[in-house]
Amino acid sequence: MYVKICGLREPEHVTAAVEAGADAIGFVLTRSSRRVTPERARELAAMVPPHVLTVAVFAGESSEEVRAVTLEAGVRAVQLHGDHPHEDFTALKDLGVTLIRAGAASVDLRCGAFDEDLLIIDAPKPGSGEPWDWAVVRGRPAGRWMLAGGLAPSNVAEAIAAAQPWGVDVSSGVEVAPGVKDAGLIRSFITAARAAG
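Residues numbered from 1 in each chain as written. Predicted model: local features only at pLDDT ≥ 70, side-chain atom pairs only at ≥ 80, totals over all residues. Heavy atoms only, no water.

J.: Any details on the pairing of strand E3 (residues 53-58)? Residues and values, ideally.
T.: Extensive coverage of E3 is indicated by the burial of six of its six residues. As a crossover connection, the stretch from strand E2 (residues 24-28) through helix H2 (residues 38-45) into E3 is right-handed. Where E3 meets strand E4 (residues 77-81), four bridges bridge the pair, whose relative direction is parallel. When the sheet's bridge partners are listed, Val 57 is paired in E4 with Gln 79. For the handedness criterion, the β-α-β arrangement of E3, helix H3 (residues 63-73) and E4 is classed as right-handed. (Buried < 20%, exposed > 50% of the residue type's maximum accessible area, 1.4 Å probe, protein only. Helix = DSSP H or I, 4+ residues; strand = E, 2+ residues; numbered from the N terminus. Right-handed = clockwise from strand over helix to strand, strands pointing away. Pairing = 2+ DSSP bridges.)

If you want it as structure tokens, here you go:
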């Protein structure tokens, strides 16, 4: 089970995620309570070993802005969340980073349909942190895709059983307050996801 921990802002939480075995770590570089500057993302990404994917998360920015910020942040992947057209992914192909497309279950559920490398299926209200009917996507997405939206240590096993994803992505479910991560919850989530997978 591939596990991505998103919205990290503090070194101790990056360390906790890496030590617990996260496969990917996300830094939010768009409007959000979890937003970090490109400089901060670069500092945090520098702590992450090469086998863990570092991801810059965007939502609505132009491909030109995404390109500039990604290069500044020094990450190895770009996540475009929401209604980004196919052209945005095509425009970023030459960056040589992993491309991740993220959206609700109403999007094209074929990983690679927009030339992306990974797909994230999120709740109908992306970023809300609210659980949703994970079973509606079971058997529908193709390729390497992660389930997101309302996941937490307490329900990730249920979500995996319902949707049968290739991986899972969590942010608010490992927080003690909006934007404030908890190392213990990060460890618990990764342990629970791996056990369920």
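After that view of the structure, there is still more to cover.
J.: With reference to specific residues and values, describe unusual backbone geometry.
T.: A positive phi angle, close to 70 degrees, is found at Asp 115, a residue other than glycine. Tracing the backbone shows Asp 115 in the loop between strand E5 (98-104) and strand E6 (118-122). The backbone of Gln 164 sits at a positive phi, close to 55 degrees, despite the residue not being glycine. Within the secondary structure, Gln 164 is located in the loop between helix H5 (156-163) and strand E8 (167-170).

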